[in-house]
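Residue-level structural notes
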Amino acid sequence: MDWIPIVFVTFKALVLCTGMFFAIKWHYDQGKKGRQQERREVLRATGKAVGIFVLLLVGLGFVTYDLVRMLGLEVAFS
């Protein structure tokens, strides 16, 4: 039973990373079709989206951790 969270978190990370890769690749390919300025805008927007996603993911982690502690659940990873 201890391996289930490891497998699910790993699978979720792989799916999210794969989706982000193809989304960034698609936007990058769309930027190639246009001028150099459009390419910069696409890359900048991609960077902002990735940054916001990471900040939201970290925030969700902290909120989840606080909720788990508030409910009195065990937080130890060992």
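Before reading further, recall that the structure is shown in the block above.
To start, this report covers the structure provided alongside it. Because the structure is predicted, anything quoted here is derived from the model rather than measured.

Thresholds, definitions, all that
- Residues numbered from 1 in each chain as written.
- Predicted model: local features only at pLDDT ≥ 70, side-chain atom pairs only at ≥ 80, totals over all residues.
- Heavy atoms only, no water.
- Helix = DSSP H or I, 4+ residues; strand = E, 2+ residues; numbered from the N terminus.
- Buried < 20%, exposed > 50% of the residue type's maximum accessible area, 1.4 Å probe, protein only.
- Areas by Shrake-Rupley, 256 points an atom, 1.4 Å probe, with all protein chains shown as cover.
- Salt bridge = Lys/Arg side-chain N within 4 Å of Asp/Glu carboxyl O.
- Phe/Tyr/Trp six-rings, centres within 6.5 Å; stacked < 30°, edge-to-face > 60°.
- Contact = heavy atoms within 4.5 Å.

1. So, the overall build of the chain
From N to C terminus, the chain includes two helices and zero strands. Taking all 78 residues of the chain together, the buried fraction comes to 4%. Carbon and sulfur atoms form 72% of the exposed surface of the chain, whose accessible area is close to 7000 Å².

2. A short note on the pattern of salt bridges
Tallied over the full model, the rule gives one salt bridge. Between aspartate 29 and lysine 25 there is a salt bridge; the shortest N-O distance is 3.1 Å. Of this pair, aspartate 29 and lysine 25 both sit in helix H1 (residues 3–33), four residues apart, which is roughly one turn of that helix.

3. Focus: the packing of aromatic side chains
One pass over the structure, following the stated rule, counts one aromatic pair. With 5.2 Å between their ring centres and 75° between their planes, phenylalanine 21 and phenylalanine 22 make a pair best called edge-to-face.

4. Points about the environment of methionine 20
Looking at the secondary structure, you find methionine 20 in helix H1. A sequence separation of 30 residues divides methionine 20 from valine 50, and the C-alpha atoms of the two residues are 8.3 Å apart. In contact with methionine 20, other than residues within four places in its own chain, are Val50 and Phe53.

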